[in-house]
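Structure assessment
Here is what each chain is made of, one letter per residue.
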Amino acid sequence: MKLIMAIVSSDDAQNVIKSLTHEGFLITKLATTGGFLMAGNVTIMTGVDDERVDDAINIIREKSKSRSQTVPTISESSIGGFMNAPLVEVTIGGATIFVLPIERFEKI
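Quick caveat: nothing in here was measured; it's all calculated off a predicted structure.

Scoring rules and cut-offs
- Residues numbered from 1 in each chain as written.
- Predicted model: local features only at pLDDT ≥ 70, side-chain atom pairs only at ≥ 80, totals over all residues.
- Heavy atoms only, no water.
- Helix = DSSP H or I, 4+ residues; strand = E, 2+ residues; numbered from the N terminus.
- Buried < 20%, exposed > 50% of the residue type's maximum accessible area, 1.4 Å probe, protein only.
- Contact = heavy atoms within 4.5 Å.
- Areas by Shrake-Rupley, 256 points an atom, 1.4 Å probe, with all protein chains shown as cover.
- Salt bridge = Lys/Arg side-chain N within 4 Å of Asp/Glu carboxyl O.
- Expected span 1.5 Å × (residues − 1).
- Arc of directions from axis to C-beta.
- Axes fitted to C-alpha atoms, helices over the stretch in contact; angles between N-to-C directions.
- Left-handed = near helix turned anticlockwise from the far one by under 90°.
- Nonpolar A, V, L, I, M, F, W, Y, C, P; charged D, E, K, R; others polar.

1. Structural notes on the overall build of the protein chain
A count of helical and extended segments in the protein chain gives two helices and six strands. In the protein chain, the succession of α and β elements from N to C terminus is β-α-β-β-α-β-β-β. Within the protein chain, the fraction of its 108 residues that count as buried is 26%. The contacts of the protein chain with a sequence gap of at least 6 include a subset with a gap of at least 24, amounting to 66%. For the protein chain, the accessible area works out to roughly 7600 Å², and carbon and sulfur atoms hold 54% of it.

So, in structure tokens, the structure goes:
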């Protein structure tokens, strides 16, 4: 058995969760914040039999899309203040997936 932890964008989380549960995966959802833009994420955890790990990862991959976002950059001016610099396009979204071995599982 494995524990899959997937960190996905809040924008994609509902589709990932719906698809995983539709395929019989039981999930736990945690609201998290982090990453490059300190944006809202959702961490999805699911215990999976070894033979279903690839199925779960494929669902997460299919429902977690990368997208471009334009963000302002900030640079420090010579007099100690801050001024806006040009906008920069960054890629956000997708998923970060961890697969961890489960030594023991009990439902109490």
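2. Some details on the pattern of salt bridges
Considering all chains together, one arrives at three salt bridges under this definition. With its nearest N and O atoms 3.8 Å apart, the salt bridge here joins R52 to D55. The closest approach of N and O atoms between E106 and R104, which form a salt bridge, is 2.2 Å. The exposure class of R104 is exposed, given its relative accessible area of 66%.

3. Thoughts on helix α1 (residues 10–22)
Each α-helix turn comprises 3.6 residues. Residues three or four places apart therefore point the same way. For α1, with 13 residues, the first-to-last C-alpha span of 19 Å sits near the 18 Å given by 1.5 Å per residue. Regarding α1, the residues found buried are D12, A13, V16, I17, S19 and L20. Directly beyond the C-terminal end of α1, a positive phi value near 90° is found at G24.

4. Points about the side chain of N41
For N41, the position within the fold is in strand β3 (residues 39–48). The exposure class assigned to N41 is buried, which follows from its relative accessible area of 16%. The contact partners of N41, leaving out residues within four places of it in the chain, are I7, V8, S9, S10, L30, A31, T32, T33 and G34.

5. Some thoughts on the environment of K18
Mapped onto the secondary structure, K18 falls in helix α1. The exposed category is assigned to K18, whose relative accessible area is 60%. It is 9.8 Å that separates the C-alpha atoms of K18 and K63, two residues lying 45 residues apart in sequence.

6. Considerations on helix α2 (residues 53–63)
Buried within α2 we find V53, A56, I57, I59 and I60. Taken down its axis, α2 places every buried residue within 155° of arc, on the same side. Facing away from the buried side of α2 by more than 90 degrees, the exposed set consists of D54 and R61.

7. So, the packing of α1 against α2
Helix packing geometry: the angle between the two helix axes and the distance between the axes. Running from N to C, α1 and α2 point in directions that differ by 150°, and their axes come no closer than 9 Å. Crossing of α1 over α2 shows right-handed handedness. Counted together, D12, N15, V16, S19 and L20 of α1 and A56, I59, I60 and K63 of α2 form the full contact between these two elements. Here the residues of the contact of α1 with α2 sort into five nonpolar, two polar and two charged.

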